[in-house]
Amino acid sequence: MPKKKTLLKRTLRMKNLRHAWKEVAENNGMPGVDNISIQRWRRNWEERLHNLAESVLNGSYQPGKLRVRYIPKKKPGEWRELRIPTVTDRVLQRALLQTCYPIFERRFLDSSCGYRPKRGLKQAVERILVIRTNDYRYILDADIDDFFNQVDHALLMKFLKKDLPDNSLLNLITSWLKVSRVKPEIASGIPMGSPFSPLLANIYLHRLDQGIQECGYESVRYADDLLVFTSTQAELEEAYQDVEVMLKRLKLIYEPSKTNLTSFEEGFEFVGVFFEGDSYEYIWQNKRIEVHGDEVDWLFSHYGPDYG
């Protein structure tokens, strides 16, 4: 019986690398710190893929530093920091992502809606509507303080060692985490702007999803945006304390100014969609779309709200 290929060998198969390069090229992102653009990489992409695979296998691969870029948030005056790998590193991260998706998709819960294949805001809204129909009217609208910069590397690697069927990818992931540190002496943080970071975020917060489910609460999470639902006000106050303990185990805390105990009657906003009573609304092409009842409207289902 032939020996099963390791995850690393599967990641470095030319078919997988070609698909990863295609995805990175179609995204047409900016160059990294080496100033090699997508257009320049494209000139000899096949040779680059072979060289990349060889360098990983012989141990000479070293990830480049990250290029820092700031983009405006929706709220005026606020900026989001992106830290962007080189095109070469993005291709390799994308290849690894393609290998890991099937492993973790079997593990993740339905409450996790962000950064997953064939899941997104539409599924989050659908889940919120079902929860509302089931009479969970009280909500912990939780914001995790500086989540992406606070992910603890030792805990993350512990989770990866437990979840992955072999350890062949761990050295690669460790090298990416090391160059992504904001402060070299502090082993924490995953960079927004790297292809692999969203999956790492979901792997880390999967433990939170599990804890919430085990407590008997309903929840919806989109990346680090979290809603926890209860049927009574007393349960809601308990949920706040329970989730606070779960976050502490992950070396995370609430952002108090952005964490609220609310209800459908009071209203709340989740990833650009505002829920109040038995309706919800969002902005589409500078128009306010309001929907009553428990169905996802046709426009949202096909296009989603406009966050630009």
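Being a predicted model, the structure only gives us computed values, none of them experimental. (Residues numbered from 1 in each chain as written. Predicted model: local features only at pLDDT ≥ 70, side-chain atom pairs only at ≥ 80, totals over all residues. Heavy atoms only, no water.)

1. Here's the deal with the overall build of the protein
In terms of regular secondary structure, the protein is built from 12 helices and 10 strands. Relative to the 2.2 N^0.38 estimate, which gives 19 Å for 308 residues, the radius of gyration of the protein is 21 Å and therefore close to what a compact globule would have. Considered along the principal axes of its C-alpha atoms, the protein spans approximately 60 × 45 × 40 Å. Here the protein holds 308 residues, and 49% of them are scored as buried. Of the roughly 16,300 Å² of accessible surface on the protein, 48% is carried by carbon and sulfur atoms. The centroid of the 46 positive side-chain charges in the protein is displaced by 12 Å from the centroid of its 43 negative side-chain charges. (Helix = DSSP H or I, 4+ residues; strand = E, 2+ residues; numbered from the N terminus. Rg over C-alpha atoms; globule rule 2.2 N^0.38 Å. Buried < 20%, exposed > 50% of the residue type's maximum accessible area, 1.4 Å probe, protein only. Areas by Shrake-Rupley, 256 points an atom, 1.4 Å probe, with all protein chains shown as cover. Lys, Arg positive; Asp, Glu negative; His and termini not counted. Charge placed at Lys NZ, Arg CZ, Asp CG, Glu CD.)

2. Observations concerning the sheet that holds strand β7 (residues 268-270)
In a beta sheet, neighbouring strands pair by backbone hydrogen bonds and run either parallel or antiparallel. The strand order across the open sheet formed by four strands is β7-β8-β9-β10, and the pairing between neighbours is antiparallel. The outermost strands of the open sheet, each flanked by one partner alone, are β7 and β10 (287-292). Sheet twist, expressed as the mean angle between neighbouring strand axes with direction ignored, is 25 degrees. Across the sheet, helix α6 (residues 121-133) is in contact with β7, β8 (273-276) and β9 (279-284); its angle to β8 comes to roughly 5 degrees. (Pairing = 2+ DSSP bridges. Axes fitted to C-alpha atoms, helices over the stretch in contact; angles between N-to-C directions. Contact = heavy atoms within 4.5 Å.)

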